[in-house]
Amino acid sequence: MPSPVQHSPRPSSPAAVPAAPPTSRAPIESRAPNRIPESVPASPSATALLLARMSLAERVGQLFMVGAPAAGDAGQTLPLLRQFHVGSVVLTGRSSLGVDATAHTTAVLQSQARSASSVGLPLLIATDQEGGMVQVLGGPGFGNLPTALQQGATSADSLRAQAQAWGFELHAAGVNVDLAPVLDVVPDSGARSNAPIGAFDRQFGQDPASVAEHGLAFIRGMENAGVSPTIKHFPGLGRVNGNPDNSSSVTDDVTSRHDAYLMPFAAAIRAGAPIVMVSTATYRLLDPNSPAAFSRTIVTGILRGDLSFTGLVISDDLGRAVQVRGWSPGERAVDFISAGGDLVLTVEPKVVPEMIAAVMSKAQGDPVFRAQVDAAALRVLSAKRARGLFS
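Residues numbered from 1 in each chain as written. Predicted model: local features only at pLDDT ≥ 70, side-chain atom pairs only at ≥ 80, totals over all residues. Heavy atoms only, no water.

A. Highlighting the overall build of the protein. Helices and strands together make up the secondary structure of the protein, namely 12 helices and 13 strands. For the protein, the proportion of its 391 residues judged to be buried stands at 62%. Taking all contacts inside the protein whose residues are at least 6 apart in sequence as the whole, residues at least 24 apart take part in 76%. (Helix = DSSP H or I, 4+ residues; strand = E, 2+ residues; numbered from the N terminus. Buried < 20%, exposed > 50% of the residue type's maximum accessible area, 1.4 Å probe, protein only. Contact = heavy atoms within 4.5 Å.)

B. Molecular detail of the sheet that holds strand β8 (residues 251-252). Strand order in the open sheet made by the 3 strands is β8-β10-β11, with mixed pairing throughout. With one partner strand each, in any of the chains shown, β8 and β11 (287-291) form the two edges of the open sheet. As judged from the 2 bridges shared by β8 and strand β10 (residues 282-283), these two strands associate in the parallel manner. Counterpart to Asp252 in the pairing with β10 is Tyr283. (Pairing = 2+ DSSP bridges.)

C. Main features of the pairing of strand β3 (residues 124-127). Residues Leu124 and Ala126 point to one face of β3 and Ile125 and Thr127 to the other, with burial holding for every one of them. Relative to β3, strand β2 (residues 88-92) runs parallel, the two sharing 4 bridges. Paired with Val90 across the bridge in β3 is Ala126. Pairing between β3 and strand β6 (residues 177-178): 2 bridges, direction parallel. From the neighbouring strand, Thr127 faces β6, where its bridge partner is Asp178.

D. Main features of the side chain of Lys232. Tracing the chain through its elements places Lys232 in strand β7 (residues 228-234). Note on Lys232: relative accessible area 0%, which makes it buried. Of note is the side chain of Lys232, whose polar atom sits 2.6 Å from the backbone oxygen of Leu179. (Polar contact = N/O pair within 3.5 Å; in protein donor to acceptor, adjacent residues only side chain to side chain.)

E. Summary view of helix α4 (residues 99-116). Compared with an ideal rise of 1.5 Å per residue, which puts 18 residues at 26 Å, α4 spans 26 Å between its outermost C-alpha atoms and is within 8% of the ideal. Considered for burial, the residues of α4 that qualify are Val99, Thr102, Thr106, Leu109, Gln110, Ala113 and Ala116. Burial along α4 is one-sided: seen end-on, the buried residues are contained in an arc of 130°. Exposed residues lying more than 90 degrees from the buried face of α4 are Asp100, His104 and Ser115. Next to the buried residues of α4 lie α3 (78-84), β2, β3 and α6 (156-172). (Expected span 1.5 Å × (residues − 1). Arc of directions from axis to C-beta.)

F. Geometry of the pattern of salt bridges. Under the defined criterion, the tally for this structure stands at 14 salt bridges. The shortest N-O distance in the salt bridge between Arg202 and Glu130 comes to 2.8 Å. With Arg202 in the loop between β6 and α7 (208-224) and Glu130 in strand β4 (residues 129-131), this residue pair connects regions lying 72 residues apart in the sequence. The exposure class assigned to Glu130 is buried, which follows from its relative accessible area of 6%. Note that Asp253 is salt-bridged to Arg284, the shortest N-O span being 2.9 Å. Placement of the pair is Asp253 in the loop between β8 and α8 (263-270) and Arg284 in the loop between β10 and β11, with a sequence separation of 31 residues. Exposure remark for Asp253: the relative accessible area of 45% places this residue in the partly exposed category. Among the ionic contacts, a cluster of salt bridges with common partners joins Asp128, Glu130, Arg202 and Lys232. (Salt bridge = Lys/Arg side-chain N within 4 Å of Asp/Glu carboxyl O.)

G. Layout of the sheet that holds strand β9 (residues 275-278). Here we have 8 strands laid out as an open sheet, ordered β12-β9-β7-β6-β3-β2-β1-β13, and parallel in their pairing. Of all the strands in the sheet, just β12 (312-315) and β13 (344-346) have a single pairing partner and so form its edges. The sheet contact formed by strand β1 (residues 64-69) and β2 spans 5 bridges and is parallel. When the sheet's bridge partners are listed, Met65 is paired in β2 with Ser88. Packed on one face of the sheet, α8 meets β7 and β9 and runs near 155° to β7. (Axes fitted to C-alpha atoms, helices over the stretch in contact; angles between N-to-C directions.)

Below, the structure written as structure tokens:
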């Protein structure tokens, strides 16, 4: 997400990088992978105690990130925060309203979420601020981000400084998660024909080493600004035959379990990347029977097992994406959590009641699935604590 095809290109010239304000957060490379940053005292027992105070409905609500228009009325989303305890929001579409107006929107969302939860939990608020044609937030206070391919042509140090500046813009607007960077590697020979990534210059480069270097720079810049980056789209959309947003039967026939193109993801995880987004494409050599987001082999076996990722696993869009229309909304949510995922992302608010009803029903009747819900909710709470959203 989102599908760049649906939007007009944004200006792609790099914005001037403002001087970075001081930050007390430890740089990402000084932290153990997926651990709580040093500026937030580690207290897993306190987070577990918080979880213990929550009802099943509140725990399930924490497992959803729901779309809200970045430039419009959040009328469809606000009731979901109140009625279903939804714990995260993603700003969607395109906005030119600027930082101050966006900050007002995010403050309203946070206020609704805190008042709806018995424990007053804040939201993770995310958006897609990659660059080029994938930049949701614009207007006064936001720079125009160049494409990832242009970002990859600069030095890693320069990109880190730029990403930190972009992160401060998001932070000022009340956004605490960026659904970026893209770590998909697109072979040079197939870049233009790669519908989701290469056709829109969303890749940092054509080789794993370059993508890893610049991806880490982007991650570190965002972290230094107090925004959690999200590496995507595991295990890679650089060699698929279509765009999951607007096509079905999107497959990758070449990625193997120890593929060189997984290296950028492995490097980012070793460096402490806190969130991984899993794609909805099908990978024939990894699991020919399920899209990645519904595959226990890919999510639990490879991502959590082979790559030792212990952070937050988020899905690519499970609301509007054509790739997952063969599953009911309830099946999508249940299958993702069963695979080992934590945060169900849907840009379409209308499907949330059906999704939550399915997860609640499954959790009430299946002790193994209930344990997965509890574990996922604990990881969401830990991610919020790590971001400094509550003490």
